[in-house]
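Tertiary structure, described
Next come the chains, spelled out residue by residue.
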Amino acid sequence: MQPDQEVINRWSASAPFWEKHGEIIRQMFAPITQALVEDAQIGSQHSVLDIATGPGEPALNVAALVGPEGRIFGIDPIPEMVAAARRAADRLGLKNAQFEVAFADHLPFPADTFDAVISRFGVMFFPSPVDAVREMLRVLRPGRKLALAVWHFAERNPFHYSLSRVIERYVDSPPPAPDAPDAFRFARPGKLTKVITEAGGTAASERLLQFTIQAPISVEDFWTLRCEMSEKLREKIAMLSREQVNEAKRQALEAFREYSTDRGMSFPAEVLIVRGAKSGPA
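Numbering of residues starts from 1 in each chain and follows the order in which that chain's sequence is written. Side-chain atom pairs in this predicted model are given and counted only at pLDDT of 80 or more, local residue features only at pLDDT of at least 70, and totals for whole chains, interfaces and linings cover all residues. In computing side-chain values, all of the structure's heavy atoms are included and hydrogens and water are not.

1. Points about the side chain of K278
Counting through the fold element by element, K278 comes out in the segment after β8 (264-277). Within 3.5 Å is the distance limit for a polar contact, defined as a pair of N or O atoms, with the added protein rule that one can donate a hydrogen and the other accept it, and that residues adjacent in sequence qualify only through two side-chain atoms. In terms of polar contacts, K278 uses its side chain to reach the side chain of D112, at 2.5 Å. Within the structure, K278 has its side chain in polar contact with the backbone oxygen of R138 (distance 3.0 Å). Only runs of H or I of at least four residues qualify as helices and only runs of E of at least two qualify as strands under DSSP, and these elements are numbered from the N terminus.

2. Some remarks on the nonpolar core
By size, the foremost hydrophobic cluster in this structure holds 97 residues, and its most contacted members are M28, I32, L49 and I51. The criterion used for residue contact is that any of the two residues' heavy atoms lie within 4.5 Å. Discounting residues that sit within four places of it in the chain, L49 has contacts with I72, F73, I75, L107, F109, F114, A116, V117, I118 and V139. Buried Ala, Val, Leu, Ile, Met, Phe, Trp, Tyr and Cys residues form a nonpolar core when they are joined through side-chain atoms within 4.5 Å. For every residue, the accessible area (1.4 Å probe, protein chains only) is compared with the maximum for its type, and the residue is labelled buried under 20%, exposed over 50%, or partly exposed between those bounds.

3. Digging into helix α6 (residues 129-139)
Along α6, 8 of the 11 residues are buried, which leaves the element largely enclosed by surrounding structure. Turning to α6, its buried residues number three or more, namely P129, V130, A132, V133, E135, M136, L137 and V139.

4. Structural notes on the packing of helix α9 (residues 219-229) against helix α11 (residues 242-256)
The convention used is that axes are lines fitted to C-alpha atoms, helices contributing only their stretch in contact, and that angles between N-to-C directions extend from 0 to 180 degrees. For the pair α9 and α11, the least separation of the axes is 9 Å and the interaxial angle reads 115 degrees. When you trace α9 past α11, the crossing you get is right-handed. Contacts between α9 and α11 involve V219, E220, F222 and W223 from the first element and A248, K249, A252, L253 and F256 from the second. Here the residues of the contact of α9 with α11 are counted per class, giving 7 nonpolar, no polar and 2 charged. Whether a crossing is left-handed or right-handed is set by the direction in which the near helix is turned from the far one by less than a right angle, anticlockwise for left-handed and clockwise for right-handed. Under the scheme applied, nonpolar residues are Ala, Val, Leu, Ile, Met, Phe, Trp, Tyr, Cys and Pro; charged residues are Asp, Glu, Lys and Arg; polar residues are all the others, including Gly.

5. Digging into the pairing of strand β3 (residues 97-101)
Sheet analysis places strand β2 (residues 71-76) next to β3, joined by 5 bridges and oriented parallel. Each bridged residue has a counterpart across the sheet, and for I72 the counterpart in β3 is A97. Pairing between two strands requires that DSSP report at least two bridges joining them.

In structure tokens, the structure reads:
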């Protein structure tokens, strides 16, 4: 079940901005990458699959960890994202990283290929998370682990709500259906572990990762980053008059200042790290 064209178009439009802000995004989400590495038990010489890699993270970080005798494969359904990931790998001189256009529920790899499968903020947007996790388990080697990162509740993550609450004053934003693709689709504890179990995984578990999103940028630059990262935000802002945009921006910058430090932006954040394993001896 492939993503519908509207979803693909949205992420395609965002790809240049995710590439533009790639280094900032890498820094902001580095604690999540580390948590995925720990929970998937990734080590030197491992072969790892990163699903919904976007412009190459966390795959590019994992490439250094597995070393020249390991391999990292990143897949994403958005060609523009994959092209950005390949450019980043070339710039870094990585020979052990490969990126391909592919869908999570139809992986182009034989069974029992990988030592670990990870995905950072991908599973929330899959048309059928159960089918995707079933594919992850298929390509995992027996006894090995998958680890997925999803946002905890929106109200615990000012990285999101500090801007979305301002925009919602101007644009009506009804809540999405419970299983519609959305950043907070799996915020409720236990929801994603049930998906892993339903897909045939074993030892499904989750932990709450509380960390700080650090971005060495100004409040003005954070406004730009957040607007450019999110096609939905850009669509809503495009509906406003120039006067409304100016006022919304003023209010947003005021809200952001609560999280501004002498080293840039600093947001408390909460993410669920959910993992499971493929049955069989490691």
